[in-house]
Amino acid sequence: MDPDSDCSTPPKHLFPLSWANLSRNLILAYQSLGVVYGDLSTSPLYVYSSTFIGKLQNHQNEDAILGALSLIFWTLTLIPLCKYVFILLSVNDNGEGGTFALYSLLCRHAKFSVLPNQHAADEEISAYKYGPPAQSNASFLKRFLEKSKTARTGLLIVVLFGASMVIGDGVLTVAISVLSSMPGLLNFGQKLSKGVLLLIDCVILVSLFALQHIGTHRVSFMFAPIVLLWLTSIFCVGLYNIIHWNPHILKAISPFYIIKFFKETGKDGWISLGGILLSVTGTEYMYADLGHFTATSIRLAFVFAIYPSLVVQYMGQAAFLSRNLDAIPNSFFDSVPRRVYWPIYVVSSLAAVVGSQSIITATFSIIKQCHALGCFPRVKIVHTSKHIYGQIYIPEINWILLFLALSITTGFHDTTSIGNAYGLTNVMLMLITTFLMSLVIAFVWHKSIWLAGMFFLFFGFIEGVYLSAALMKVQQGGWVPLVLSFIFMMVMYIWHYGTGKKYDFDMHNKVSLKWLLGLGPSLGIARVPGVGLIYSELVTGVPAIFSHFVTNLPAFHKVLVFVCIKSVPVPFVPSHERFIIGRVCPRPYRMYRCILRYGYKDVQRDSGDFENQLIQRIAEFIKVEAEDPHYNDGRMVVTSSTSIRSGSSIIVTEEDDISDCNTIQSSQSSILPSLQSVYNEENLLFRRRQMRFQVPAKLEMDPDVREELMDLIEAQEAGFAYIMGHSCVKARRSSPVLKKFAIDVAYAFLRTNCRGPAVELNIPHINLIEVGMIYYV
């Protein structure tokens, strides 16, 4: 765990539009093509075929083609262009976008958060404030939501459901993207059976997921050129088809053809909106991937590359189909001129893989955010790049996605059935974003509640119409994302529920400070040299596990630090604001509290420097407390390592010899040092960097302060021990049956099969002490 890792510091996301940074935004716009727009740009492969196969088989005529094109054009214009490019990209959480960013903003401007261990000092983080400080005109609604725990829990469930929809969307995206390129191969390879093509699909899927562990940064350099070549290809093919087949297709821009379309097709046309919806799949990731780029770069890429290429391509396909109605089942590949067929096919296959890659990466990011906010079980998070923040790989999720993608591919066989499921996830995710954005307009932007309501009604009506059509296809495959999303949402909520109950138990069973003071500075036991790090989720008070030590062990460490690692509703916490240090008892007890704060996108890495940083921060706290009498009343101090290095309370020196850096020198037995040396030899990558601390002999300071610093340095040289609770959470006997199932079965299963907290924090086993305890919640 490295609290000050460079990857934890957010890059500068927001660049004002000027000639000085225009070149930078153009470069970012080029890079965003492969990461953000891979999915959206490949939608022409299957939109027309998914729209006209089904209820519209009896309405395959030129007027229906013109109506479908008009619907596609206005859908692309209103949702991606107007809603996302012009409005949503103007809202960011310190450069981050997505549903969690909107939820984070709401939690910081109103008391909507249901996260447990919140601290008043969190509001002083530099990244915490956003928007004008004016009072909201929707204060009555704000008060209702803040006072109603049911409303706040419901808001969290909506956000979790949106996150689970992203995961389900990721599974469907991979399956439909790979399958969408197969009809072109089947068209020119009549000797290949569908079974062989299905096998090829599965091989591509396995290969795609097997390569995830190397990191997207190793292959991302080819993403943007592929998508750019794909956009150029579909633009040229679309323009050729417009000129060659039907130049009058441009008249379909008029909304008149939408009205005419529904008059002729009626209910069948309404149900076919599920196919039209596929033209905007992947739009949500324009906003979700905002943290990797800038709003200006994403706007430039969409307005000048994505939007015109897609519009011209859809017009070209419509022009071709208006003269070749029998080509609807394989509209895209049939519309490609034969001379450039195979080059276009190769590029389309590569573009489909790129689109799959981007959604897999986004799924990993969503899981990490849920995990950081205490809404997902502990999983292994591998950071695949030392220089680019946010590029991660989660093995467990990767193989779960592969299994689900293979199951969907082999179960559905074709893009039409998957498209029925695919459109439902996208429109529900858009509707959730619209709902959260309307709350942001009212509570963050402090605009009129009527303006927020108009925004929700306008875009909510459009998306609601598409949702109603997509729900009609639940029996034809639309049930898949609902089931997947429900399963993932229940996993998230049960983990959040169980964790919250465990925290409530700790809060109600804290050790009495009066009891500790009654034991005296020695705590009634022998205090041996060394630093004991007691991990807990509490930001105040002493956890119950500490009383187990005091009452059952004959000795304890001379310096005790209660460590709390918590997440705050901001994307990043600057390294100099990460540590909060305070006292638990008066100075003679040598008991401190350390709170480490991380944002939901911060990277926690283990560089072996946490112990040294902790000693520096405690030393700085001792110095600040001695210099400022206002801190003697129990206040906690936000500390940084820069001031202690430049100060004069202690001298910090680094040593190259690290062979004995974790040896507990106070031990008289030779067994523990020998085990430590074996551990160091087997774990070369996790060795701690050795630092020596000294108190300047000539520096004038209070004798009590000098003595405390000397005790701290002596404890640091003796070694560290990590004390954690090994808890078993059970429901009380009087609990309802549903609660017993959630805690005793579901939550227990998740805790048993997820990573342990010691493994997640990379705590050396040789220094770990676990305390067994049963929580009856």
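Residues numbered from 1 in each chain as written. Predicted model: local features only at pLDDT ≥ 70, side-chain atom pairs only at ≥ 80, totals over all residues. Heavy atoms only, no water.

A. Quick look at the overall build of the protein chain. Within the protein chain, the secondary structure is distributed over 29 helices and 11 strands. Pairs at least 24 apart in sequence give 84% of the contacts found in the protein chain among residues at least 6 apart. Summing over all exposed atoms, the protein chain offers an accessible surface of approximately 31,600 Å²; the carbon and sulfur share of this is 63%. (Helix = DSSP H or I, 4+ residues; strand = E, 2+ residues; numbered from the N terminus. Contact = heavy atoms within 4.5 Å. Areas by Shrake-Rupley, 256 points an atom, 1.4 Å probe, with all protein chains shown as cover.)

B. Expanded view of a nonpolar patch on the surface. Residues Trp 479, Val 483, Phe 486 and Ile 487 make up a contiguous nonpolar surface patch of roughly 400 Å² in combined accessible area. Tracing the backbone through its elements, the reader meets Val 483 in helix H21 (residues 474–508). (Patch = residues over 30% accessible without salt bridge, like charges linked within 9 Å, V, L, I, M, F, W, Y side chains within 5 Å. Salt bridge = Lys/Arg side-chain N within 4 Å of Asp/Glu carboxyl O.)

C. Structural view of the packing of aromatic side chains. Across all of its chains, the model carries 24 aromatic pairs by this definition. Plain terms: the ring middles of Phe 364 and Tyr 393 are 5.9 Å apart, the flat faces sit at 85 degrees to each other, and that makes the pair edge-to-face. Linking Phe 364 in helix H17 (residues 341–372) with Tyr 393 in strand S2 (residues 392–393), this pair joins segments that are 29 residues apart in sequence. Across the pair, Tyr 393 and Phe 364 agree in class, each one buried. (Phe/Tyr/Trp six-rings, centres within 6.5 Å; stacked < 30°, edge-to-face > 60°. Buried < 20%, exposed > 50% of the residue type's maximum accessible area, 1.4 Å probe, protein only.)

D. Local environment of the packing of H21 against helix H28 (residues 737–753). Between H21 and H28, the shortest axis-to-axis distance is 10 Å and the interhelical angle comes to 100 degrees. With respect to H28, the element H21 is oriented roughly perpendicular. Counted together, Val 491, Ile 494, Trp 495, Tyr 497, Gly 498, Thr 499, Lys 501 and Lys 502 of H21 and Lys 739, Ala 742, Ile 743, Ala 746, Tyr 747, Leu 750 and Arg 751 of H28 form the full contact between these two elements. By residue class, the composition of the contact of H21 with H28 is nine nonpolar, two polar and four charged. (Axes fitted to C-alpha atoms, helices over the stretch in contact; angles between N-to-C directions. Parallel < 35°, antiparallel > 145°, perpendicular 65-115°, else oblique. Nonpolar A, V, L, I, M, F, W, Y, C, P; charged D, E, K, R; others polar.)

E. Structural view of the nonpolar core. Counting 160 residues, the largest nonpolar core has Tyr 37, Tyr 48, Phe 302 and Ile 408 as its most contacted members. With near-sequence residues (within four places) excluded, Phe 302 lies in contact with Tyr 37, Leu 40, Leu 76, Pro 80, Leu 81, Val 85, Met 286, Tyr 307 and Pro 308. Among the nonpolar cores identified, the runner-up in size contains 35 residues, and Tyr 598, Ile 618, Tyr 722 and Ile 763 belong to it. (Core = buried A, V, L, I, M, F, W, Y, C linked by side-chain atoms within 4.5 Å.)

F. Structural detail: the side chain of Thr 363. Within the secondary structure layout, Thr 363 lies in helix H17. If we skip the residues at most four places from it in the chain, Thr 363 touches Val 166, Ile 167, Gly 170, Ile 397 and Leu 401.

G. Quick look at helix H7 (residues 149–180). With 32 residues, H7 ought to run about 46 Å at 1.5 Å a step, and its terminal C-alpha atoms sit 45 Å apart, in line with that. Where burial is concerned, most of H7 is hidden: 26 out of the 32 residues are buried. (Expected span 1.5 Å × (residues − 1).)

H. Inspection of the pairing of strand S6 (residues 591–598) at higher detail. Counting buried positions along S6 gives eight out of eight residues, so the element sits mostly inside the fold. Residues Met 591, Arg 593, Ile 595 and Arg 597 point to one face of S6 and Tyr 592, Cys 594, Leu 596 and Tyr 598 to the other, with burial holding for every one of them. Sheet analysis places strand S5 (residues 579–583) next to S6, joined by five bridges and oriented antiparallel. Looking across to S6, one finds that Phe 579 is bridged to Leu 596. (Pairing = 2+ DSSP bridges.)

I. Spotlight on the sheet that holds strand S4 (residues 555–567). What the seven strands build is an open sheet, ordered S7-S5-S6-S4-S3-S10-S11; its pairing is mixed. Of all strands in the sheet, those bounded by a partner on one side alone are strand S7 (637–639) and strand S11 (768–776). Strand-to-strand, the axes of this sheet are offset by a mean angle of 30 degrees, without reference to chain direction. Direction of pairing for strand S3 (residues 526–535) relative to S4: parallel, over a ladder of eight bridges. Paired with Gly 532 across the two strands is Leu 560, which belongs to S4. Running at roughly 120 degrees to S11, helix H23 (residues 544–552) makes contact with S3, S4, S6, strand S10 (720–730) and S11 of the sheet. Relative to S3, helix H27 (residues 703–718) is tilted by about 75 degrees, and along the sheet it contacts S3, S4, S5, S6 and S10.

J. Structural detail: the environment of Leu 89. When you line up the elements, Leu 89 lands in the loop between helix H4 (62–87) and helix H5 (99–109). For Leu 89, a relative accessible area of 2% corresponds to the buried category.

K. How the structure looks around the packing of H4 against helix H11 (residues 256–265). Across the interface, H4 lies against H11 with an axial gap of 8 Å and an inter-helix angle of 130 degrees. Between H4 and H11, the crossing angle belongs to the class labelled oblique. For the pair H4 and H11, the crossing hand works out as left-handed. In this structure, H4 uses Asp 63, Ala 64, Leu 66, Gly 67, Ala 68, Ser 70, Leu 71 and Trp 74 to contact H11, whose residues at the interface are Tyr 257, Ile 258, Lys 260, Phe 261, Phe 262 and Glu 264. (Left-handed = near helix turned anticlockwise from the far one by under 90°.)

L. Representation of the pairing of S4. The buried fraction of S4 amounts to 10 of the 13 residues, a majority that puts the element mostly inside the structure. Of the strand pairs in this sheet, S4 and S6 are connected by eight bridges, and their pairing is parallel. Note that in S6 the partner of Cys 564 across the bridge is Ile 595.

M. Spatial organisation of the side chain of His 59. Mapped onto the elements of the fold, His 59 is located in the loop between helix H3 (47–52) and H4. Only 3.5 Å separates the side chain of His 59 from the side chain of Asp 268, close enough to count as a polar contact. Each residue touching His 59, except ones within four places of it in the same chain, is listed here: Phe 52, Ala 64, Glu 264, Thr 265 and Asp 268. (Polar contact = N/O pair within 3.5 Å; in protein donor to acceptor, adjacent residues only side chain to side chain.)

N. Summary view of the environment of Ile 344. Here Ile 344 is to be found in helix H17. Ile 344 sits in the buried class, given a relative accessible area of 8%. A sequence separation of 115 residues divides Ile 344 from Leu 229, and the C-alpha atoms of the two residues are 9.5 Å apart. With near-sequence residues (within four places) excluded, Ile 344 lies in contact with Trp 230, Ser 233, Val 237, Phe 332 and Val 336.

O. Highlighting unusual backbone geometry. Phi is positive for His 446, which is not a glycine, with a value near 60 degrees. Structurally, His 446 can be placed in the loop between helix H19 (415–443) and helix H20 (449–471). Non-glycine residue Arg 590 carries a positive phi angle of around 55 degrees. Along the chain, Arg 590 falls in the loop between S5 and S6.

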